[in-house]
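Summary of the model geometry
Letter by letter, the chains look like this.
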Amino acid sequence: MLRFVLLASLLATLLVAPAAHAEPNMLRNASFEVGGLAGWAVAGAGQATTLTTPGVAREGAGYGATSATIYQDIVQDISGTHSYAFSLWVRSASGKPLAGSIQLIGLSDTTNLGTAPFTADGAWQLVSVTLDTAQMHSGMRAQINVPASGDQLLVDGAQVLHTHMFNPGFDRPNTGWSGRDVSLQYVESADRRDGTRVGLLTASTAAGELFQNWSTDRSDPWTYSIWVRSASGMPVRGAVSLAPGTPAASFTAGRTWQLVMTTVIPVTPAAGTRTALRPTVSLQEPGLGVYLDGAQLTVSPELGNASFEQPFFRAWDRFPRGPLAFLASQPGPAVEGGTVGAARTDVAGRSFAQELNVATPAGASQTFSAWVRSPSPGGAGGSLVLTGTGGEEASATPFQAGWDWTFVSAPLNATEARSGLRAEVVLDTPGRELQVDAASLASGNAREGLLPLPPPQPPEAPPQAPADADGDGVPDAADVCSKLKGGAIRRGCPLGLTNDTSISYVRTKRGIRIVRYYVEATKGARVVVTCSKGCRKTVTKGKGARRVPITRLRNRALRNGTRITVKVTMPGRLTTTVVDRVAKRRRIEGRRACVQPGTTKPQITC
């Protein structure tokens, strides 16, 4: 077991004071939105320009096209030990392989540099390199080297960020990192994410971890991200964390590079104090190696609830294009954390946004980025928009979100000074859900174009509906009236029919003599009146609230013991029966009884 602590005391001193800069991206015209290649210079033979061919740019509308080496100098005093990451998207204009490289160079000593070679093809690919400054510099040069072959390289979305770490790309052996119960090797690799080397981390116990110490006096959101890949191809479980006592982001490293990130918002420290941050990678599989590369620790000033972990879409409380139909923070397959932002619109072009108190000087570059996906069949379209407020100036990047997470970024290359920013997500597909996660103003090299998810599981076959012969929604097993439609509250039976009898009569020695007999029955129902003895059968129709006279009973003498049966029927309804009796020279009024048609039992509540 190798247990080591490298430069711990040096880092505790040097990493407390980062180099100061006004905005996250230190480049000007970083996404080539401003014409004439403003901010960039050409070195050597060849030509370079800015184009806006629709559908070509990786972000925004503009992109650079160059057959020459181009560069931009960043004038800023850099003292002490720091790391800066230069990243951008590259693509071959012809689609044929085109070799080149990017460099980040210290201006006071050009031997202090970082280099990352690449081979561009017909698709946009992200290239990044780290400069670990070991001395004072008056600035840095971000340079894109293109061979003098006449072939044209397309470039877009350049960023130079302070990583707030040292040796995050693992290009300087035995520098910057501390560990517990782990070994770390620095390996030259063609399969890398940053620079020329990768770190090979192996744990000797299930508690092995690799970390750097950092502190801050800011309460803005901090994001720690790092690329991981299994050295053997076997799954290796681990986690990344950023501060003691905060949730860790779990991962399972596989055969391909995987971006893992976690975000925390430090509690605002008391005056004169700082909050400790500890970007950490821990492994839970002793003896199984994991390649690491391209770590960075970035801050997104003022951007609240960037990973949508807080409820009620907190901080995303502006709807500049009208209200949305649905908006929620909900559990899901998140890029970071365990929650995603989910939104749906009924009208194309609606949006949600966040106003940011971030000033942007004239000529400076800002970038708003987020990961988007749609679980809805057919996906969801929209755009990311970054607006400089205080004299509106905006840039938009359209997207078509599908099942997998897709990285989208919208640049702002300010032509004039702007007092603030508006980060906005526009929804263009009504009725379909859009999910958003890991929003940032400083994504840097943590912006691979696609994060695949396991394919959606086919929907389970719906359970076979129970038998329901009458189709009333009450299963036959619970349906008392399986041949009649009725509600569940009546156990599948319809209501009974109206059947009310009324009579006037005089008493005789042996019974009664009927003067008049009436039946009030449901309108249109069939009414049948019979006697057990002493009268003829009557068939008529109900007239609703209007009583029907039974003329065959008029002046009819009925002896004690006689029963008058009134039966009311109608298709689809219960048969309702009333039986009046003559007893003790009086009429005894019967009560309504209901049964299914063609039966006499069981009786059912009318």
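Before reading further, recall that the structure is shown in the block above.
Now for a quick tour of the structure. (Residues numbered from 1 in each chain as written. Predicted model: local features only at pLDDT ≥ 70, side-chain atom pairs only at ≥ 80, totals over all residues. Heavy atoms only, no water.)

1. Thoughts on the overall build of the protein chain
In terms of regular secondary structure, the protein chain is built from 1 helix and 42 strands. A globule of 606 residues ought to have a C-alpha radius of gyration of about 25 Å, yet the protein chain, at 40 Å, is considerably larger. Overall size of the protein chain, expressed as C-alpha extent along the three principal axes, is 135 × 55 × 55 Å. Considering only contacts in the protein chain between residues 6 or more positions apart, those separated by 24 or more positions represent 70%. Accessible surface computed for the protein chain: about 26,400 Å², of which carbon and sulfur atoms make up 52%. Computed over 60 positive and 45 negative side-chain charges, the separation of the two mean positions in the protein chain equals 35 Å. (Helix = DSSP H or I, 4+ residues; strand = E, 2+ residues; numbered from the N terminus. Rg over C-alpha atoms; globule rule 2.2 N^0.38 Å. Contact = heavy atoms within 4.5 Å. Areas by Shrake-Rupley, 256 points an atom, 1.4 Å probe, with all protein chains shown as cover. Lys, Arg positive; Asp, Glu negative; His and termini not counted. Charge placed at Lys NZ, Arg CZ, Asp CG, Glu CD.)

2. Focus: the nonpolar core
One broad rule of soluble globular proteins: the nonpolar side chains tend to lie buried together. Judged by nonpolar contacts, the single largest core of 31 residues is most densely connected at Trp-177, Tyr-224, Ile-226 and Leu-292. Top element by residues in this core is strand 22 (residues 290-299). It accounts for 5 residues. Residues in contact with Leu-292, not counting those within four places in the same chain, are Phe-170, Val-198, Gly-199, Leu-201, Leu-210, Ile-226, Trp-227, Val-228, Trp-257 and Val-281. (Core = buried A, V, L, I, M, F, W, Y, C linked by side-chain atoms within 4.5 Å. Buried < 20%, exposed > 50% of the residue type's maximum accessible area, 1.4 Å probe, protein only.)

3. Some details on a positive patch on the surface
Residues Lys-509, Arg-510, Lys-533 and Arg-559 make up a contiguous surface patch of positive charge. Along the chain, Arg-559 falls in strand 38 (residues 557-559). (Patch = residues over 30% accessible without salt bridge, like charges linked within 9 Å, V, L, I, M, F, W, Y side chains within 5 Å. Salt bridge = Lys/Arg side-chain N within 4 Å of Asp/Glu carboxyl O.)

4. Describing the sheet that holds strand 28 (residues 393-401)
An order of 25-30-27-28 is seen for the 4 strands of this open sheet, with the pairing classed as antiparallel. Each edge of the sheet is formed by a strand with only one pairing partner; in this case those strands are strand 25 (350-356) and strand 28. Direction aside, neighbouring strands of the sheet carry axes that sit 15 degrees apart on average. Across 7 bridges, the pairing between strand 25 and strand 30 (residues 420-427) is antiparallel. (Pairing = 2+ DSSP bridges. Axes fitted to C-alpha atoms, helices over the stretch in contact; angles between N-to-C directions.)

5. As for the state of the cysteines
Structurally, a disulfide amounts to a covalent bond that connects the sulfur atoms of two cysteines. With the rule as written, the count across this model stands at 3 disulfides. Disulfide pairing places Cys-531 opposite Cys-535 at an S-S distance of 1.7 Å. The S-S bond linking Cys-531 to Cys-535 shows a torsion near 115 degrees; that makes this disulfide right-handed. Using a relative accessible area of 15% as the deciding quantity, one classes Cys-531 as buried. Assessed through its relative accessible area of 18%, Cys-535 is described here as buried. Taken in N- to C-terminal order, the disulfide-linked cysteines of the protein chain are connected 1-2, 3-4, 5-6. (Disulfide = S-S within 2.5 Å.)

6. Concerning the side chain of Asp-171
Within the secondary structure, Asp-171 sits in the loop between strand 10 (153-162) and strand 11 (178-180). Although Asp-171 lies buried, it forms no salt bridge, and the closest oppositely charged side chain, Arg-197, sits 5.3 Å away as judged by the N-O distance. Here the side chain of Asp-171 touches Arg-197 through a polar contact of 2.8 Å, landing on its backbone nitrogen. Look past the residues within four positions of Asp-171 in its chain and what remains in contact with it is Asp-194, Gly-195, Thr-196 and Arg-197. (Polar contact = N/O pair within 3.5 Å; in protein donor to acceptor, adjacent residues only side chain to side chain.)

7. Observations regarding the pairing of strand 31 (residues 434-440)
Remember that side chains alternate between the two faces of the sheet whenever the strand is regular. For strand 31, the buried fraction is high: 7 of the 7 residues fall into the buried class. Where strand 24 (residues 339-344) and strand 31 come together, 3 bridges link them in antiparallel fashion. Its bridge partner being in strand 31, Ala-343 is matched across the sheet by Leu-434. For strand 26 (residues 365-373) and strand 31, the ladder comprises 4 bridges, and the chain directions are antiparallel. What sits directly across from Val-372, in strand 31, is Val-436.

8. Quick word on the pattern of salt bridges
Throughout the structure, instances matching the rule amount to 13 salt bridges. The salt bridge involving Arg-422 is made with Glu-392; its shortest N-O contact spans 3.3 Å. Linking Arg-422 in strand 30 with Glu-392 in the loop between strand 27 (380-389) and strand 28, this pair joins segments that are 30 residues apart in sequence. The class of Arg-422 is buried, set by a relative accessible area of 15%. Taking the relative accessible area as the measure of exposure, Glu-392 reaches 54% and is therefore exposed.

It is worth stressing that arrangement in space is one thing and function is another; only the former is reported here.
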